[in-house]
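Residue-level listing of the chains:
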Amino acid sequence: MIKQTKFILATLTLGVALSASAQQGTPPSWNAQRLSSATYLILDPEIRGNPNLISGDQRQGVLKAMRKDSGDAIKRRYPKATITTDPKAAGVIRVSPELVAPGALLPWGKLTARLTFALPEGLRS
């Protein structure tokens, strides 16, 4: 039950993060046509903030889910996109999944997830 809840939480937050990053003010090279047929490289997920707020088992499970779900979220949004594992592929958009933990365990502190996209030209979103 806990693993299923983690998976659902990771999937939902990654979907929201992907939508939010796609809707922010974007430069001209970030257009739907380019993104829909691009090749993406999913980098290893990282934890930002205080990683000690998450137990080792939870951390491992969430980061594993983020790696898989990031590619799935991109494929849902852009069905013609390609996911590659070759870091030397030409023209790939690098995707960095990030789990953002609050600095301290507080009632209003929340875990969030986001995807950072980097175009080959160096633009980031």
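Note that the structure is predicted; figures quoted are calculated from it, not measured.

Draft legend 1. Molecular detail of the overall build of the chain. Secondary structure assignment for the chain yields 3 helices and 5 strands. Counting from the amino terminus, the chain carries its helices and strands in the arrangement α-α-β-β-α-β-β-β. Within the chain, buried positions represent 32% of all 125 residues. A fraction of 72% describes how many contacts in the chain between residues 6 or more apart in sequence connect residues 24 or more apart. Surface summary for the chain: the accessible area is close to 7800 Å², and the carbon and sulfur share equals 58%.

Draft legend 2. How the structure looks around the pairing of strand β4 (residues 93-100). Taken across its 8 residues, β4 has 7 buried, putting it largely inside the fold. Looking at chain direction, strand β1 (residues 39-42) and β4 are connected through 3 bridges and run parallel. Within β4, the residue paired with Y40 across the bridge is I93. Two strands pair when backbone bridges link them, and strand β2 (residues 46-48) and β4 are joined in this way by 3 bridges, in the parallel orientation. Pairing of I47 across the sheet is with L99, part of β4. Relative to strand β5 (residues 112-118), β4 runs antiparallel, the two sharing 7 bridges. By the bridge assignment for β5, V95 is matched with F117.

The rules we used
Residues numbered from 1 in each chain as written. Predicted model: local features only at pLDDT ≥ 70, side-chain atom pairs only at ≥ 80, totals over all residues. Heavy atoms only, no water. Helix = DSSP H or I, 4+ residues; strand = E, 2+ residues; numbered from the N terminus. Buried < 20%, exposed > 50% of the residue type's maximum accessible area, 1.4 Å probe, protein only. Contact = heavy atoms within 4.5 Å. Areas by Shrake-Rupley, 256 points an atom, 1.4 Å probe, with all protein chains shown as cover. Pairing = 2+ DSSP bridges.

Bear in mind that shape data such as this cannot, by itself, settle questions of function.
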